[in-house]
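Next come the chains, spelled out residue by residue.
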Amino acid sequence: QVQLVESGGGVVPAGGSLKLSCAASGRIFSSRVMGWFRQAPGKEREFVATISRFGNTYFADSVKGRFTISRDGANDTVYLQMNSLKSEDTAHYYCAAAAYGGAWPTGGRSQYEYWGQGTQVTVSS
């Protein structure tokens with residue numbers, strides 16, 4: 001019933017760009033706020049970006065101005081465009097679908113109900 005599958009991760013030089021994709025079920029994509037989180041080894045999973053059902057967006061301060069989030073209803077996909085990448089951006093990136101009724105901006109881990117398995121992003125020096 002619920003499926004979130006991330007793709008697009010890889011190794012990129014510092015200053016470079018990468019675009020992640022998250023394919024979701026039609027029902028999940030059309031009705032829920034979607035978000036991106038990331039987790040580096042030994043660290044807590046942290047909020048990166050979120051997009052509402054209306055296309056409103058919100059970003060963590062650490063990525064604001066460098067990352068963008070978008071969604072494509074026709075393809076049931078949400079994207080994370082990452083530019084000007086830094087070594088600090090190295091992490092496993094997760095796509096998530098929020099539970100209903102959460103407050104905007106939806107930046108808390110506890111606000112998300114479904115999670116993908118993630119995709120690795122490594123920024124080299």
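Thresholds, definitions, all that
Residues numbered from 1 in each chain as written. Predicted model: local features only at pLDDT ≥ 70, side-chain atom pairs only at ≥ 80, totals over all residues. Heavy atoms only, no water. Helix = DSSP H or I, 4+ residues; strand = E, 2+ residues; numbered from the N terminus. Buried < 20%, exposed > 50% of the residue type's maximum accessible area, 1.4 Å probe, protein only. Pairing = 2+ DSSP bridges.

1. Points about unusual backbone geometry
Cis geometry is found at the peptide bond from Trp-104 to Pro-105, where omega equals 0 degrees. By secondary structure assignment, the location of Pro-105 is in the loop between β9 (91-98) and β10 (112-115). For Ser-84, which is not glycine, the phi dihedral falls at a positive 50 degrees. Examined against the element boundaries, Ser-84 turns out to sit in the loop between β8 (77-82) and β9.

2. A closer look at the pairing of strand β7 (residues 67-72)
Only one face of β7 is covered, namely the one carrying Phe-67, Ile-69 and Arg-71; the face carrying Thr-68, Ser-70 and Asp-72 has none of its residues buried. Both β7 and β8 contribute to a ladder of 6 bridges, which runs antiparallel. Among the inter-strand pairings, Ile-69 is bridged to a residue of β8, identified as Leu-80. The turn linking β7 back onto β8 is made up of 4 residues, and Asp-76 within it adopts a positive phi angle of 50 degrees.

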